[in-house]
Structures are given as structure tokens and as C-alpha cells.
Amino acid sequence: MGVEGCTKCIKYMLFFFNFIFWLAGCVILGVSLWLRHDEKTSSLLALKYEDTEAPNTFYISVYILIAVGAVMMFVGFLGCYGAIQESQCLLGTFFACLVILFACEVAAGIWGFIHKDQISKDVIGFYDTVYDRGVIETATEKQKAAAGVLKVFHESLQCCGKGVVTSVLTTWTTNLCPETNGIKITESCHTKIKDLFNDKIYLIGIAALVVAVIMIFEMIFSMVLCCGIRNSPVY
């Protein structure tokens, strides 16, 4: 025999929330792997021009997400097993893991909010460096190298230049700008880069908020169940 009454109900509710938590870990792991191997971001962040490389800030964040997803899957399984077995030891370990994860998530959320525009700024800075060098350089080989990097940006994001003026000048003086129905695109790459990374950051933020709410319920249920097991006459 195990716990009875309301405590038994909480036991199955905790199992359900842990299963959702485990699924959320799977989703975060899957999304982070997709972000890591997304063709558009990978093609931009793998670029290199002479001694200048695309910033790896985005990839560092993605690797952290991969680790978080894997840990969430493990903790979710631990919580499910602890709830079914009605083990105070497993539930206590599960609660401690949740507290650590929640603290890390809050810290990561604060850091992300403060630096939410940094990734796009770094990539824009890299693009501007290559663009400026491509315009200034007179050596044929260096111009070709810069043009190759710029073309990846332009074709991946369907943009051209740093702003309205540079976009128009680039379409007139070079063949680096992509075309749509025979018309060269003049939309600023600055805008496209910001949109690309901001959309992904908002996706991560929504997922983190949902997981945080689930974690709060799980911490409450795990403590209530642990107390119910301790007070149960069976034990």
C-alpha cells in the first residue's frame, strides 16, 4: 500500500507534470539541435574573412540549451520514477535538481534579457567589417574573398548593403545583390540580421517561460507528496 486520498491524487499529478517536463526537455533539446544545424544561421556563422570570423555567441547559447534539454530529460525521468515509487530520497533529489535548474534558468533569463541584442550586433559588426573591406580593398583576391562572404549574407537573408544608401549603391555597382523576379533586392541586411536572431530569441524565451511555470508546480507537488509519504501510517 502507498499514500491515499489527496496525496495519491498529487502523486499522479506530479507524475503527469514530470512527464510534461520530460517532453519539454525533449522539445528544448530538439529545438536547440535545430538552431545549431539550421542552414540559414549555420551558413552565416561559419563564415570567415581573413583574420575576422563570425561571432560564436549564438552557438555558445545553443550549446547551453542542448545541455539544459538533456538535464531536463534526466530530471523529468527522475521525478516520474520517484513519484511512482513514492521514494522520499528520489523526490528530495528531484526537488534539489529543480531548485538548481530554476535558479540557473532565472540567471540565464536575466543575462539573456540584458544581452538580447548582442548576438545580432556582433553579426552586424562582422558584416560591416567585411562590407567595408570589400569596398576599400583594391587587390583582386581580397575583393573576391569579401564578395564571397557578402554573397552568402545576401542570398541567405535576401538583403543587400548596410542601409538604404549603401543598398542602392551596391545594386548599381556590383552583382552581389540577389534578385526577385528580375528586380534586385535593396532591403538592408542590418534589418534582416536583427529579425533573424530576434525571432529565435523570442522562441527560446517562450519555451523558457513555459518550463519555468511547470517547474514551480513540480516543486510544490514534490514537497507535498514527500510530506504525505512521511506522514503516511504505512511508512
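Per an unreviewed UniProt entry, the chain goes by Tetraspanin and derives from Tachysurus vachellii. The UniProt entry for the chain carries the following comment under Sequence similarities (unreviewed entry): "Belongs to the tetraspanin (TM4SF) family."

**Q** Would you mind going over unusual backbone geometry in detail, with residue names and values included?
**A** Of note, the phi angle at Q158 is positive, near 55°, even though the residue is not glycine. Here Q158 lies in the loop between helix 6 (140–157) and helix 7 (164–173). On the basis of relative accessibility, which here comes to 30%, the residue Q158 falls in the partly exposed class.

**Q** Account for the UniProt feature "transmembrane region" (unreviewed entry) in the chain, naming residues and giving values.
**A** The residues that UniProt annotates with the feature "transmembrane region" (unreviewed entry) are residues 12–35, 56–84, 90–114 and 201–225. The distance from the first to the last C-alpha atom of residues 90–114 is 36 Å, and the span holds 100% helix and 0% strand. As annotated, residues 201–225 has a helix share of 100% and a strand share of 0%, and its two end C-alpha atoms lie 36 Å apart.

**Q** Lay out the packing of aromatic side chains with the relevant residues and their values.
**A** Taken as a whole and assessed by the stated rule, the structure comprises nine aromatic pairs. Seen in terms of ring centroids, Y127 and F153 are 5.1 Å apart; in terms of plane orientation they differ by 65°. Their pairing is edge-to-face. With a gap of 26 residues between them, Y127 in helix 5 (residues 118–136) and F153 in helix 6 connect regions that are remote in the sequence. Take Y127: its relative accessible area is 0%, and that puts it in the buried class. Overall, the relative accessible area of 1% leaves F153 in the buried class. One aromatic cluster is present, formed by F16, F17, F217 and F221 through successive ring pairs.

**Q** So what about the environment of F221? Which residues, and what values?
**A** Note that F221 resides in helix 8 (residues 189–231). With a relative accessible area of 12%, F221 lands in the buried category. With 208 residues separating them in the primary sequence, F221 and M13 have C-alpha atoms 7.8 Å apart. If sequence neighbours within four positions are ignored, F221 has contacts with I10, M13, L14 and F17.

Each value, and the rule that gives it
Residues numbered from 1 in each chain as written. Predicted model: local features only at pLDDT ≥ 70, side-chain atom pairs only at ≥ 80, totals over all residues. Heavy atoms only, no water. UniProt positions renumbered as here; feature names shortened; annotations may be inferred. Helix = DSSP H or I, 4+ residues; strand = E, 2+ residues; numbered from the N terminus. Buried < 20%, exposed > 50% of the residue type's maximum accessible area, 1.4 Å probe, protein only. Phe/Tyr/Trp six-rings, centres within 6.5 Å; stacked < 30°, edge-to-face > 60°. Contact = heavy atoms within 4.5 Å.

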